[in-house]
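What follows is the residue order along each chain.
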Amino acid sequence: MSDRPVSKAWMERATRVLPGGVSSPVRAFRAVGGTPLVMRSGSGAEITDVDGRRYVDFVCSWGPLILGHAHPEVQAAIVAAVSRGTTFGAPCEPEIELAEHLVAAYPGLEQVRFVSSGTEATMSAIRVARGFTGRDRIIKFSGCYHGHADPLLVAAGSGLVTYGRPSSAGVPEAFAKETVVLPLDDEERLTTYLREHGDKVAAVIIEPVPANNGLLLQRAEFLQALRRETARAGTVLIFDEVISGFRLARGGAAELLGITPDLATFGKVIGGGLPVGAFGGRREIMRQLAPEGPVYQAGTLSGNAVAMSAGLATLRVLERENGWARLDATGRALEEMLRPVLARAPFPAQFVRLGSLFWMSLQGGEPPRSAERVEAAAADRYRPVFHALLEAGIAIAPSAYEVGFLSLAHTEAHLARLRDALASALSSAPSAGQ
Ligand SMILES: *Cc1c(COP(=O)(O)O)cnc(C)c1O
């Protein structure tokens with residue numbers, strides 16, 4: 001691999017003052033080896049590192065940059081907002097406008113509250129669901145990521161229902177005990193659990209399009225059973241749409257799947273590249289929140305004018321430009337380019353996609369629908385491919401189990417660069433799956 005001396009020097013400084021040299025662990029190259037690149041600028045679908053090398057960016061800051069980097073209208077909205085003052089500690093116009101946008105767009109959303117990250121959104125949605133139902137227990141699915149709040153940092157063991165095994169040090173067993181983990185793609189397990197214990201379960205939280213452990217597309221029957229059984233049990237159904245909201249459709253996965261949850265959480269796209277999260281849903285649940293109700297939740301910078309303006313500008317461009325249809329067309333074009341390339345790989349490989357989310361699954365058989373079916377061998381196959389792509393000027397996630405993101409800035413030419421680089425990377429990849 002050719003050297004990137006400026007990045008290396010910065011990362012040496014970074015590792016002294018930042019754990020692992022990063023502010024979020026997914027940015028480290030632990031899964032693929034090597035040193036993370038330090039970025040200096042981005043424009044459209046391309047980013048430039050501190051050594052002056054350019055890459056076509058399929059990470060898009062892990063989802064927010066649905067219009068690409070430094071979109072002129074988002075920039076202008078941010079500059080205009082900043083010139084009027086960044087935050088007032090009082091309601092502001094863009095906050096109310098963005099809320100109206102969300103409510104108009106998302107199925108069943110009557111009221112919404114802004115926070116500053118997806119983690120805060122899911123954490124607060126769980127709290128309000130508990131306050132509303134007066135129940136403590138929650139259900140999540142293995143392989144779904146909902147940010148790093150204590151009750152959600154719990155993963156499944158294999159197969160059996162797992163009670164409260166934290167997947168992070170620092171999460172007390174006692175906190176995790178109220179979290180039950182079930183496998184995706186198994187409506188029988190879910191139904192049995194809810195019919196036996198549903199009266200103790202405050203909420204079921206799910207990524208309706210799970211995109212944090214590969215892209216685990218769910219069967220409609222499973223999601224319909226989830227809606228039916230939670231309603232029957234009086235359990236709040238929370239769709240975590242932090243990735244899928246305003247990316248897969250104007251009304252997120254809920255619109256696409258035709259299933260309306262009781263609460264939904266948002267982040268990423270709705271902040272236009274600034275820190276924003278939101279949660280909302282039925283009025284009778286949201287009314288539990290302070291100052292109307294007894295569930296406390298607050299934030300100094302929540303709904304600040306700059307972040308709200310960036311989000312509004314992003315949604316306006318998406319709406320004006322028929323963004324979701326265009327993103328899907330871009331995704332389809334990429335699929336048509338990459339399928340034949342992956343079919344010729346020296347190991348089993350397939351292209352999984354929904355709209356502008358894609359995943360190169362480096363294993364055989366049907367595309368997996370649960371975390372239990374995702375193979376560990378994929379990580380070894382991914383490593384050399386990742387580095388070959390990086391050398392060829394293509395940035396994809398430094399992990400075999402993270403999805404790729406497309407933006408409105410990605411052109412046919414950008415997609416073709418990924419196709420050509422991937423074909424060349426796979427032709428020299430070892431076939432044994434090492
Ligand atoms: C990214 C993500 C979160 C957490 O959002 P942060 O802004 O990183 O805290 C929650 N849920 C899902 C589905 C996500 O992809």
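Residues numbered from 1 in each chain as written. Predicted model: local features only at pLDDT ≥ 70, side-chain atom pairs only at ≥ 80, totals over all residues. Heavy atoms only, no water.

Trainee: Quick question: what am I supposed to make of the confidence of the model for the protein chain here?
Mentor: For residues with low pLDDT, the predicted coordinates do not support detailed interpretation. In the predicted model, the protein chain carries a mean pLDDT of 95, and 96% of its residues have values of at least 70. Ignoring residues within four places in sequence, the model shows residues 156–161, a span with pLDDT below 50, making 13 contacts including any to other chains. (pLDDT = per-residue confidence, 0-100. Contact = heavy atoms within 4.5 Å.)

Trainee: Explain the nonpolar core to me, please; I cannot follow it from the model alone.
Mentor: Note that soluble globular proteins tend to have their nonpolar side chains buried in a common cluster. Leu-102, Phe-141, Ile-206, Phe-246, Phe-266, Leu-318 and Leu-357 are the most contacted members of the largest nonpolar core, which totals 64 residues. It is helix α10 (residues 305–320) that contributes the most residues to this core, 8 residues altogether. A domain split of this core shows at least three residues from each of domain 1 (5–70 + 322–427) and domain 2 (72–320). Apart from the residues lying within four places of it in its own chain, the contact partners of Phe-266 are Leu-102, Tyr-106, Leu-109, Gly-118, Ala-121, Glu-241, Val-242, Gly-245, Phe-246, Gly-277 and Ala-278. With 39 residues, the next largest nonpolar core counts Leu-338, Ala-378, Ala-395 and Leu-426 among its residues. (Core = buried A, V, L, I, M, F, W, Y, C linked by side-chain atoms within 4.5 Å. Buried < 20%, exposed > 50% of the residue type's maximum accessible area, 1.4 Å probe, protein only. Helix = DSSP H or I, 4+ residues; strand = E, 2+ residues; numbered from the N terminus. Domains from an automatic or database assignment.)

Trainee: Could you clarify how one ought to interpret the side chain of Asp-57 in this entry?
Mentor: Residue position: Asp-57 is located in strand β3 (residues 54–57). Buried within the structure, Asp-57 lacks any salt-bridge partner; Arg-247 is the closest side chain of opposite charge, at an N-O distance of 9.8 Å. Among the polar contacts made by the side chain of Asp-57, one reaches the side chain of His-69 at a distance of 2.7 Å. With residues up to four places along the chain from it excluded, the contact list for Asp-57 reads Ala-45, Glu-46, Ile-47, His-69, Ala-395, Phe-405 and His-410. (Lys, Arg positive; Asp, Glu negative; His and termini not counted. Salt bridge = Lys/Arg side-chain N within 4 Å of Asp/Glu carboxyl O. Polar contact = N/O pair within 3.5 Å; in protein donor to acceptor, adjacent residues only side chain to side chain.)

Trainee: I would appreciate a short explanation of the site of the ligand in the present structure.
Mentor: Near the ligand, the surroundings consist of Ser-117, Gly-118, Thr-119, Tyr-145, His-146, Gly-147, Glu-207, Asn-212, Asp-240, Val-242, Ile-243 and Lys-268. A distance of 2.6 Å separates an oxygen atom of the ligand from a polar atom in the side chain of Thr-119. In this structure, Lys-268 approaches the ligand through a side-chain N or O atom, which is 2.7 Å from an oxygen atom. Within the complex, 82% of the 380 Å² of free accessible area of the ligand lies under protein. Here the residues of the shell around the ligand are counted per class, giving 3 nonpolar, 6 polar and 3 charged. (Near = heavy atom within 4 Å. Areas by Shrake-Rupley, 256 points an atom, 1.4 Å probe, with all protein chains shown as cover. Nonpolar A, V, L, I, M, F, W, Y, C, P; charged D, E, K, R; others polar.)

Trainee: Where do I start with the pattern of salt bridges in this structure?
Mentor: Close approach of charged atoms allows side chains of opposite charge to pair. Applying the stated criterion across every chain, the model contains 28 salt bridges. Note that Arg-320 is salt-bridged to Glu-321, the shortest N-O span being 3.1 Å. Ionic pairing is found between Asp-380 and Arg-383, a salt bridge with its closest N-O pair at 3.3 Å. Here Asp-380 pairs with Arg-383, and both are found in helix α12 (residues 377–391), just 3 residues apart, close to one helical turn. Through salt bridges with shared partners, a single ionic network connects Asp-185, Glu-187, Arg-219, Glu-221, Glu-366 and Arg-369.

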